[in-house]
Amino acid sequence: MDAAGDGQIRNTLKNKWSAYQERRQTYFWVLSYLKPYRGSLIALIVMGLVLALGEISIPQFLRYLIDVVVPEKSNTLFFTALAVLILVLGLMFAATALCNILERSVQEKAARDLQLSLFTHLRKLGFAYYEQHPTGETLSLFNHNLTAVQKIYTQYLPLIIRHLLLILVPLVMVLHMNTKLTLFILPCYFLYYLIGPTIDGKTAMYFKQQTQERERLNQKIYNSVSSLVEVRAFGATSWEVGRFTETYEQYAKTRLGSLLYRHLQFSFRMTATAVGVILMYILGSQSITSGSMSVGTFVSFTIYILMIFRSIGRLTFQLLEQSYCIGQAQLLYQYAQHKPVVQEDRKPRFLSDIAGALTFSEVHFSYRGRSPVITGFTAQILPGQKTALVGTSGGGKSTLLKLVGRFYDPDQGQILLDGVPLTELSLSQIRESIGIVFQETYLFGLSIQENIRFGRPDASQADIIAAAKAAFIHDFILELPEGYDTLVGERGIRLSGGQKQRIAIARMFIKNPSIILLDEATASLDTVSEKAVQHALQALLASRTTIAVAHRISTIRDYDQIIVIDQGKAVEQGTYEELVRQQGIFYQLVKGEELHEEQLGLDMAIHT
Ligand SMILES: Nc1ncnc2c1ncn2[C@@H]1O[C@H](COP(=O)(O)OP(=O)(O)OP(=O)(O)O)[C@@H](O)[C@H]1O
């Protein structure tokens, strides 16, 4: 074999080894959530053993009944055997009930702990994770993959031990009863393994594909629901339905393949079992006629053999299912290993009071694997000063806001808050002292009151009303059918973009941060709504440090400083008047906007 072939084999082996290692780590990671419930697990295993021993003892009773009690025609013996049988069955019944209760409780608790730790992790991953991972993918992880992990907890671990026992003990019994017959029959069952592994491999492959297709389908459903309005507005319903059907067909195809191979698996296993059973009856009847085996022994032999076949079948099925479930759990494991892009300092600093001075010193930043977005940005923002960021689209304005909120860290350079690098400050203090108003406001499907209280959960009713008044939304709220208790969102009333923005501003009043970041907060509003929101914003921004990404230059005339950003750098800096006087890029932007507004006015005049 040549060196290239050698290298290929080595690579394949290496890949297989690392895949095995990851599966092993995933399995132990899933099991680690069982640690607090060790006691219950041991009880489950003990109960499983009782059940298995009970099952194993029943054929012995039958043998005794057929070979001893029936020929002797003794009532005493019959009733004694019956009483013992009832006792055993009663014990088995109690053990089954206890097993079920314990199993449920362990499953629920471990799954709850896992879910909780994954949710906490999702919060830690924060903004950067949401930006890079589609919501459908995360939903699928939390629904489908989590259910698969729950299965590992419940059925498999205690059941595997029970089935192992139900194979080994009957095996010893049948070998002891009739070694020759056992050695003839058992290999038949393993006929399955001549072709079984190929079928198993195909089943696993289809199952994996099915999972991937299901994820794609979930994402598609999520996108379709989210884009319902746009799709209708564009009259693109048939295009959307076509795309949906295509994704669904692909999913259905892999699901069918997966089902087909599962059925094949089942049928081949049944055939192999049937061959064994037929052989057992032929050879067994010969042994009875020749007198080398009693009828009772043959009956219990048959039950033990069937017990072995059934338990091997179940065990293989469970091991396979477990292997699929580990495949599913792997995605959750990978997700749990995701490191947040922003890590809190081991000993974070906590400032007693935040004045709100921000310093950007030679900041460089690029999104992972992308070309640089911020390329040496330097600026100074004094406490309470209002700064606007303007510039061409894609210049890095929103990215700078994300860096101030510490959703990402600069690759080089520093951002300081009141003279302390953001990286040294406690993350919770940064989040508390910064308020962000986005272009789109998300309102929870709760009352208006709760939506405002979101800014500070311990706020009183009086604080909420004061905040709503400050945001010029109080009068509007009072006109609603249930005032502050009116539900908003999909199940409640619909609010206009401007009304939502003013609720977001009321939230900020309640939160009372020292720094406000505005990301084109009024860009999508009409002129009337914009005026109302601007009014509320002016009140909010008074004496707070503000950085606003401005869409309309007319809204930032009174700002203390305007920074023009081009390709991640501050290229012009000054007040509105100073920048206009410079006649540089900002001057061009102002002229462009004036021209645009003139054009708009002209168009309106023509149409009216
Ligand atoms: N999460 C992200 N991952 C990768 N690239 C991103 C991400 N967010 C933004 N970018 C890219 O970074 C560059 C700067 O984007 P940014 O949104 O900061 O610009 P902007 O000046 O705010 O633009 P606009 O005025 O159009 O909102 C763009 O090229 C954009 O495609």
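The structure presented is a predicted model; accordingly, all values stated were derived computationally and were not measured.

### A short note on the site of the ligand
Link 1 in the chain: Lining the immediate environment of the ligand, one finds E131, Y367, R370, V373, S393, G394, G395, G396, K397, S398, T399 and V549.
Link 2 in the chain: Split by residue class, the shell around the ligand holds three nonpolar, six polar and three charged.

### What about the sheet that holds strand β5 (residues 420-421)?
In a beta sheet, neighbouring strands pair by backbone hydrogen bonds and run either parallel or antiparallel.
Link 1 in the chain: Strand order in the open sheet formed by four strands is β2-β1-β4-β5, and the pairing between neighbours is antiparallel. In this open sheet, the two edge strands, each paired with only one partner strand, are β2 (374-381) and β5.
Link 2 in the chain: Sheet topology places strand β4 (residues 412-417) next to β5; two bridges connect them, and they run antiparallel. Note on β5: the bridge partner recorded for L417 is V420.

### Examining the nonpolar core
Link 1 in the chain: Membership of the largest hydrophobic core comes to 65 residues, with the highest contact counts inside it found for L389, V404, I505 and A506.
Link 2 in the chain: Of the residues forming this core, the biggest block, seven residues, is contributed by helix α15 (residues 497-511).
Link 3 in the chain: In this view, L389 contacts K397, L400, I547, V549, A550, I563 and I565; residues no more than four positions away in its chain are not counted.
Link 4 in the chain: Of all hydrophobic cores here, the second largest spans 36 residues; its members include L44, A110, M280 and A329.

### Section: the packing of helix α2 (residues 38-72) against helix α9 (residues 295-337)
Helices that pack against each other are described as a pair by the angle of their axes relative to one another and the distance between those axes.
Link 1 in the chain: Packing of α2 against α9 brings their axes to within 7 Å, and their N-to-C directions diverge by 160°. When the axes of α2 and α9 are compared, the pair comes out roughly antiparallel. The two elements α2 and α9 meet at a crossing, and its hand is right-handed. Two secondary-structure elements touch here, α2 through E55, P59, Q60, L62, R63, I66 and D67 and α9 through V295, G296, T297, V299, S300, I303, Y304 and M307.
Link 2 in the chain: Its residues assigned to classes, the contact of α2 with α9 comprises eight nonpolar, four polar and three charged.

### A look at unusual backbone geometry
Link 1 in the chain: One non-glycine residue, R406, adopts positive backbone phi at about 55°.
Link 2 in the chain: Here R406 lies in the loop between α10 (397-404) and β4.
Link 3 in the chain: Notably, Q583 is not glycine yet its phi reads approximately 55°, a positive angle.

### As for the sheet that holds strand β3 (residues 386-391)
Link 1 in the chain: Taken in spatial order, the six strands of this open sheet run β6-β7-β8-β3-β9-β10, and their pairing is mixed. The open sheet terminates on both sides in strands that have one partner only, identified here as β6 (434-437) and β10 (569-574). Strand-to-strand twist across the sheet, computed as the mean angle between neighbouring axes with direction ignored, equals 20°.
Link 2 in the chain: Bridge analysis of β6 against strand β7 (residues 515-519) gives four bridges, and the strand direction is parallel. Residue pairing across strands places V437 opposite L518, the latter belonging to β7.
Link 3 in the chain: Relative to strand β8 (residues 545-549), α10 is tilted by about 150°, and along the sheet it contacts β3, β6, β7, β8 and β9 (561-566).
Link 4 in the chain: Each of β6 and β7 touches α15; the most contacted strand, β6, lies at about 175° to it.

### A short note on the pairing of β4
Link 1 in the chain: Strand direction decides the pairing type here: strand β1 (residues 358-365) and β4, joined by five bridges, are antiparallel. Pairing of T359 across the sheet is with L416, part of β4.
Link 2 in the chain: The loop that links β4 with its antiparallel partner β5 comprises two residues; one of these, D418, has a positive phi angle of about 50°.

### Focus: helix α3 (residues 75-132)
Link 1 in the chain: Helix geometry: α3 is bent most strongly at G126, by close to 95°.
Link 2 in the chain: Among all positions in α3, only C99, E103, V106, A110 and L114 are buried.

### Let's talk about the environment of F509
Link 1 in the chain: Looking at the element boundaries, F509 is found in helix α15.
Link 2 in the chain: Remark: the alpha-carbon pair of F509 and L540, spanning 31 residues in sequence, is separated by 6.6 Å.

Rules of the game
Residues numbered from 1 in each chain as written. Predicted model: local features only at pLDDT ≥ 70, side-chain atom pairs only at ≥ 80, totals over all residues. Near = placed C-beta within 6 Å. Nonpolar A, V, L, I, M, F, W, Y, C, P; charged D, E, K, R; others polar. Pairing = 2+ DSSP bridges. Helix = DSSP H or I, 4+ residues; strand = E, 2+ residues; numbered from the N terminus. Core = buried A, V, L, I, M, F, W, Y, C linked by C-beta atoms within 7 Å. Buried ≥ 20, exposed ≤ 12 C-beta atoms within 10 Å, placed from the backbone. Contact = placed C-beta atoms within 7 Å. Axes fitted to C-alpha atoms, helices over the stretch in contact; angles between N-to-C directions. Parallel < 35°, antiparallel > 145°, perpendicular 65-115°, else oblique. Left-handed = near helix turned anticlockwise from the far one by under 90°. Bend = angle between axes of the 7 residues up to and from the residue.

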